[in-house]
Amino acid sequence: MRPTAAAVTLAASWMLVGCAGPADAPGTPADESFADIAYALPEQAPRRFGFGAEASAARVARWDTDVKPDGEGLPAGKGTVAEGEVVFMTYCVACHGPTGTEGPNDVLVGSDPWEAWPGSVTVGGYWPYATTLYDYISRAMPQLTPGVLTPNQTYAVIAYILHRNGVVAADAEMDAQTLPAVIMPARDRFVVDDRQGGSQIR
Amino acid sequence: MSEKHGPRLSRRAWITTTSGVVAAGLIKTQADALRLDAQTAPLQTPDPTKVPGRFTSEVGRRAVGEQPRRLARAQALSSSAQSPLQDLMGIITPADLHFERHHAGIPEIAKGSHELLVHGMVDRPMVFRMSDIERYPRVSRLYFIECSGNGGSAYSRENMPTEITVQALDGLLSTSEWTGVPLSTILREVGVRSGASWLLAEGSDAAMMSRSVPLEKAMDDALLAFGQNGEAIRPEQGYPLRLMLPGWEGNAQVKWLRRIEVTDRPTMTREETSKYTDPLEGGTARQFSFLMDAKSTITFPTYPFVLPERGWWEITGLAWSGRGRITRVEVSTDGGARWADAVLQQPVLPKCTARFRHLWEWNGRETVILSRATDDTGYVQPTVQQLWEARGERTRYHFNHQRAWKVASDGAVTFGLGDLV
């Protein structure tokens, strides 16, 4: 899977950075006092302190509401483009404009930002994963009343935004199966940090 | 002595005046009037040697004439406020002047009912009250935090500013002594399962701001911080608990931290996809570019200061690198033709700002002054041309290029990078 490969690459690049280490001569008073970035537990520390409490599955579920790119975390529910237009015109239009391009907040609708830079970074032009829409809208939107949308409303408004961006058809319906299957136009634009450390300017 | 007193008064006039242009004018016209008359005793009303002072107090206050202020941007839920770098000395940012960047305002959180949930690929999902977290062995460290968008106003070739303060340019940078519990201690407590490689950190603000963080960083020097400069962390900085990822971009250091999910892949949140990614030339965008490369910025003299006379001036500023320790800062007072090593104020700490100073005798002629930092990985702060070449001119974060300030023959200081591009 792509994210896993990305993780491996990222881990490798950190090891390079981590190996560089301080250039100062070790053993100077300054080093003894300040070079200790990593934190060592006291020798007598127990394997477990036992502070805090085990969290029940129900307790975890109450806060574990994020959505992963493969769709993990998506709730039951569904919504169509037509239903989403109603949601958009009710909850989103004031900040994002009647066609999702007018603002005053983020421009949602558009295509390729790379040709019109510094154009707007839109859902159609720059968002690599459709699942991020669910994750973000459910946690942070609408800005003044976050979390007010039902799962059906959230799926619907995502369908509408994706359709406005030309990503899904007018009769599309979003749910826990169809949303993660959407391939976003910007999906392959993203590369994991490839700076290599050292003197290289990248 | 007269040379010294004049500038000091001028600097105060600059600090306390909100309009830079007006301040600059005042300084120029008053420069001679403020010259010290060493034969007359200063007039203080009332005479503090003849009137008893005030009593002790529970909470101190700043001197009346010393009122540094953040530069608060738009009054909006997603906004920022910049630290007054020109007013600060040494490397510590007073906690009430630490820069701010919020995505849905500053939440009011009662410490007594705040909890941290740690779950996912762990042996024991656990929930911690603040009193639980505070009981674990603590560490204190000095680290900078910088917003990765800092300095972006000086990156556009077509739009290079001149009348910009160092606060407006680079004020999304602050340094504190942070106290907390290593995240590795908490992860040890819950038992991370094999195969785990990332975690998701989530805040308790109205944006539930969330970022994916590689497990390697979490096990290295990440902190769960609840202390800032000797007291509880400020609400603007994440009270009662924030994630500290030393040397990494500020956005990933999630404030008001309430949940950590250990995972085997990034969650691809909005803040790590459509925001905080770096468009490069050729139609790609760099993602998970957490690390802040080496950087420096001159904090004095900068716009709108006007050098009232030629002679000795101390150029000073800050240098920092997310990769480690600053090993060298060079200053040029001739537009980059020649460079001299600045003095580095000790201690110079890893992933922390370092204060540099360079004594300069200004000859009264127009020039451009610059600084450039080198860190212990051998990385040298690039020119803006080098960054343009490496990343293109359309990138949106990580603007660590050299800054330049132009000193006109009348002493007026403006941002001068436009003269070098």
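Right, let's walk through the structure included here. (Residues numbered from 1 in each chain as written. Chains lettered and ligands numbered in written order. Predicted model: local features only at pLDDT ≥ 70, side-chain atom pairs only at ≥ 80, totals over all residues. Heavy atoms only, no water.)

Bringing the sheet that holds strand β20 (residues 343–344) of chain B into the picture now. All names here are of chain B. Pairing in this open sheet of four strands is antiparallel, and the strands run β16-β17-β21-β20 from one edge to the other. Pairing within the sheet leaves two strands with one partner each, and these edge strands are β16 (295–300) and β20. For strand β17 (residues 311–320) and strand β21 (residues 354–362), the ladder comprises nine bridges, and the chain directions are antiparallel. Bridge pairing in β21 links I315 to H358. (Pairing = 2+ DSSP bridges. Helix = DSSP H or I, 4+ residues; strand = E, 2+ residues; numbered from the N terminus.)

Next up on the list: the sheet that holds strand β3 (residues 100–102) of chain B. Residue and element names in this part refer to chain B. The three strands are arranged β1-β2-β3 in an open sheet whose pairing can be described as antiparallel. Two strands close off the open sheet at either side, each with one partner strand: β1 (71–72) and β3. In this sheet, strand β2 (residues 79–82) lies alongside β1 in antiparallel orientation, the contact comprising two bridges. Bridge pairing in β2 links A72 to A81.

Quick look at the interface of chain B and chain A now. Contact residues are listed per partner, giving 86 residues for chain B and 73 residues for chain A. Across the pair B:E115 and A:R59 runs a salt bridge, and its minimum N-O distance is 2.7 Å. Where chain B meets chain A, there are 36 residue pairs in polar contact (both at pLDDT 80 or more). For the side of chain B that touches chain A, the class distribution of residues is 37 nonpolar, 20 polar and 29 charged. Bridge count for strand β1 (residues 53–54) of chain A against strand β5 (residues 126–129) of chain B is two bridges, and the pairing is antiparallel. The partner of A:E54 across the bridge, within β5(B), is B:M126. (Contact = heavy atoms within 4.5 Å. Salt bridge = Lys/Arg side-chain N within 4 Å of Asp/Glu carboxyl O. Polar contact = N/O pair within 3.5 Å; in protein donor to acceptor, adjacent residues only side chain to side chain. Nonpolar A, V, L, I, M, F, W, Y, C, P; charged D, E, K, R; others polar.)

Right, let's talk about the pairing of strand β7 (residues 173–182) of chain B for a bit. Residue and element names in this part refer to chain B. With respect to burial, β7 is a largely interior element, nine of its ten residues being buried. Relative to β7, strand β6 (residues 139–146) is paired through eight bridges, and the arrangement is antiparallel. By the bridge assignment, R141 is partnered in β7 with W178. Across five bridges, β7 lies against strand β10 (residues 223–228) in antiparallel orientation. Along β10, the bridge assignment pairs P182 with L223. (Buried < 20%, exposed > 50% of the residue type's maximum accessible area, 1.4 Å probe, protein only.)

For helix α6 (residues 131–140) of chain A, the buried fraction is high: nine of the ten residues fall into the buried class. Of the residues making up α6(A), those classed as buried are A:T131, A:T132, A:L133, A:Y134, A:D135, A:Y136, A:I137, A:R139 and A:A140. Those residues of α6(A) that are buried lie in contact with α5 (123–126), α7 (151–164) and α8 (178–181) of chain A together with β8 (198–203), β9 (210–214) and β13 (257–263) of chain B.

According to the stated counting rule, one finds 46 salt bridges over all chains in the structure shown. For B:D293, the salt bridge is made with A:R195, and the minimal N-O distance between the two is 3.1 Å. Within this pair, whereas B:D293 is found in the loop between β15 (284–287) and β16, its partner A:R195 is found in the segment after β4 (190–192), the two belonging to separate chains. Given a relative accessible area of 5%, B:D293 falls into the buried group. Among the residues examined, A:R195 registers a relative accessible area of 7% and is labelled buried. A salt bridge links B:D293 to B:R391, with the shortest nitrogen-to-oxygen separation between them at 3.2 Å. Of this pair, B:D293 sits in the loop between β15 and β16 while B:R391 sits in helix α7 (residues 384–391), placing them 98 residues apart in sequence.

Purely geometric stuff here, so don't read any function into it on its own.
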